[in-house]
Amino acid sequence: LDATPQDLSVDNSASFTISEARLQPRCTADPEDPTCSKITLSGTVEKLSGTSEEDAKKMFFARHGQARFWKKDHGWNVYELHIESIFMLNYYGGAKNVSLSEYFTADCCSTVDSNLDNPTDSAYTSSIQQMPLQVRPLPLPALSAVFARWLVRCEGAARLPWGVLSTASSRPPNKGKPFGNVLSYADLPADGSECSGRVVFYMTALDASAQDVAVNPLATFTISEDQRSDRGCLFDPEDPNCAKIMLTGRMDQVPEGDALEAATNALFSRHPQMKSWPTDHNWLVYELKVANIFLLNHYGPGKDIDVNEYYSTKCPSTKHVFQPTQIE
């Protein structure tokens, strides 16, 4: 039922992006800063079966205990990403292409429960017992456009400062294949109670994503509720109740003038560290001109949101149809 397996059935090329910004404790730098590490694994995805599937499922359940409670009639499958290239940025001086042999032979630091034959969900069940009425303020899931605008904006301590921009790679060995990259973003305008839903980015021309959109400007930007800077969502990141949104469209460079000033102010307001980034890196400001919106925020299939409805919806606030979500 998920959109990703449907895509993989047509083209199994994929990339998987991980950011240090989601680790606990989190990095202290802005999520887009080179010292906040991020890695992109690219390759092809294969559905597993037999012993390989069972072993992988044990590993997955050991790390994601809540997944054992997901509905059995949803046609779950186990997939493996066969890694063909590794792109990592973890410090100043440019990204690195990591050798596959070096990656797979490196010592592994693991916090996964080693008792894979009997994976437990003690942390999950404990949280359920201790927080039967955990408050999670958010818009009603049925109000799709409102929810989408809230997820993009998310004010205060819960604001979402970053996401993953997916492009068609312009660089070998993955030219033309999917490439994901962590980018910080802002929703215009920078201040006031209103927002526009327009998403802008601050990228150096040295960045892999900027090089990609210079060749092919089509891109998708993904934001997850689990990236909330206060505590994340209360569910497994893949659970439908942990909302995620995909904005697809064209990446256009913001022209000189009032538009560039407004976008830059919005970015610097939300990401003050950007002001101190090296001035000789040829920084560019882009806006994603959204053409399609896909939202998954509750049980049932994901929703395609009308772009006009998205933009015409007023910016949600804490006074706007918020309600607590009960965990049962």
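Computed from a prediction, not measured in an experiment: that's the story for all the values here.

**What about the overall build of the chain?**
Counting its secondary structure elements, the chain contains eight helices and 14 strands. By the burial criterion, 42% of the 328 residues in the chain qualify as buried. Expressed as a percentage of contacts within the chain between residues at least 6 apart in sequence, the contacts between residues at least 24 apart total 72%.

**Overview of the pattern of salt bridges**
Going through the model one piece at a time under the given rule, you end up with six salt bridges. Linking E84 and K177 is a salt bridge whose minimum nitrogen-to-oxygen distance equals 3.6 Å. A residue pair is termed long-range when its members are at least 10 positions apart, and E84 in strand β3 (residues 79-89) and K177 in the loop between β6 (162-168) and β7 (178-184) qualify at 93 residues. We classify E84 as partly exposed; its relative accessible area is 36%.

**Points about the packing of aromatic side chains**
A complete count under the given rule lists 13 aromatic pairs for this structure. Arranged with centres 5.2 Å apart and planes meeting at 75°, the rings of Y185 and F221 form a pair that is edge-to-face. Pair noted here: Y185 is in the loop between β7 and β8 (186-187) and F221 is in strand β10 (residues 218-224), with a separation of 36 residues, a long-range link. Considered together, Y185 and F221 belong to a single accessibility category, that of buried residues. On the basis of an interplanar angle of 5° and a centroid distance of 4.8 Å, the ring pair of Y202 and W283 is categorised as stacked.

**Quick word on the nonpolar core**
V152, F201, F221, I245, L247, M251 and I293 are the most contacted members of the largest nonpolar core, which totals 31 residues. For this core, the secondary structure elements donating two or more residues are α5 (144-153), β9 (199-204), α6 (208-215), β10, β11 (244-253), β12 (283-296) and α8 (307-312). Look past the residues within four positions of M251 in its chain and what remains in contact with it is L165, F201, M203, V213, P217, A219, Y286, E287 and L288.

**Description of the sheet that holds strand β2 (residues 38-47)**
In space, the four strands of this open sheet follow the order β1-β2-β3-β4, with antiparallel pairing throughout. Each having just a single partner strand, β1 (13-19) and β4 (96-98) make up the two edges of the open sheet. Between one strand and the next, the sheet's axes are offset by a mean angle of 30°, whatever the strand orientation. Relative to β4, β3 runs antiparallel, the two sharing three bridges. Within β4, the position partnered with I86 by the bridge is V98.

**Here's the deal with the state of the cysteines**
All told, the structure shown has one disulfide when counted by the stated rule. Here C27 connects covalently by a disulfide to C36, the sulfurs 2.1 Å from one another. One disulfide, between C27 and C36, carries an S-S torsion of -60° and so falls in the left-handed class. What makes C27 buried here is its relative accessible area of 17%. Residue classification places C36 among the buried positions, given a relative accessible area of 0%.

**Description of helix α7 (residues 258-270)**
The terminal C-alpha atoms of α7 lie 18 Å apart, and with 13 residues this matches the ideal 18 Å at 1.5 Å per residue to within 8%. All buried positions along α7 are accounted for by L260, A263, T264, A266, L267, F268 and R270.

**Let's talk about the side chain of N297**
Looking at where N297 falls in the secondary structure, it is placed in the loop between β12 and β13 (303-305). The exposure class of N297 is buried, given its relative accessible area of 2%. A polar contact of 2.6 Å, which involves the side chain of N297, links it to the side chain of K303. Apart from residues lying up to four places away in sequence, N297 is in contact with P141, F147, P240, N241, A243 and K303.

**Describing the confidence of the model for the chain**
Low pLDDT means the predicted atomic positions in that stretch should not be read closely. Looking at the chain as a whole, the pLDDT averages 85, with 81% of positions reaching at least 70. Here residues 111-135 is a poorly scored stretch, pLDDT under 50, and it has 32 contacts once near neighbours within four places are set aside; other chains count.

**Regarding the side chain of D236**
Position of D236 relative to the elements: it lies in the loop between β10 and β11. One buried charged residue, D236, forms no salt bridge at all, with the nearest opposite charge on K244 at 7.4 Å. A polar side-chain atom of D236 sits 2.7 Å from a polar atom in the side chain of H64. Once residues lying within four places of it in the same chain are set aside, the contact partners of D236 are H64, Q66, W70 and C242.

Cut-offs and rules
- Residues numbered from 1 in each chain as written.
- Predicted model: local features only at pLDDT ≥ 70, side-chain atom pairs only at ≥ 80, totals over all residues.
- Heavy atoms only, no water.
- Helix = DSSP H or I, 4+ residues; strand = E, 2+ residues; numbered from the N terminus.
- Buried < 20%, exposed > 50% of the residue type's maximum accessible area, 1.4 Å probe, protein only.
- Contact = heavy atoms within 4.5 Å.
- Salt bridge = Lys/Arg side-chain N within 4 Å of Asp/Glu carboxyl O.
- Phe/Tyr/Trp six-rings, centres within 6.5 Å; stacked < 30°, edge-to-face > 60°.
- Core = buried A, V, L, I, M, F, W, Y, C linked by side-chain atoms within 4.5 Å.
- Pairing = 2+ DSSP bridges.
- Axes fitted to C-alpha atoms, helices over the stretch in contact; angles between N-to-C directions.
- Disulfide = S-S within 2.5 Å.
- Expected span 1.5 Å × (residues − 1).
- Polar contact = N/O pair within 3.5 Å; in protein donor to acceptor, adjacent residues only side chain to side chain.
- pLDDT = per-residue confidence, 0-100.
- Lys, Arg positive; Asp, Glu negative; His and termini not counted.

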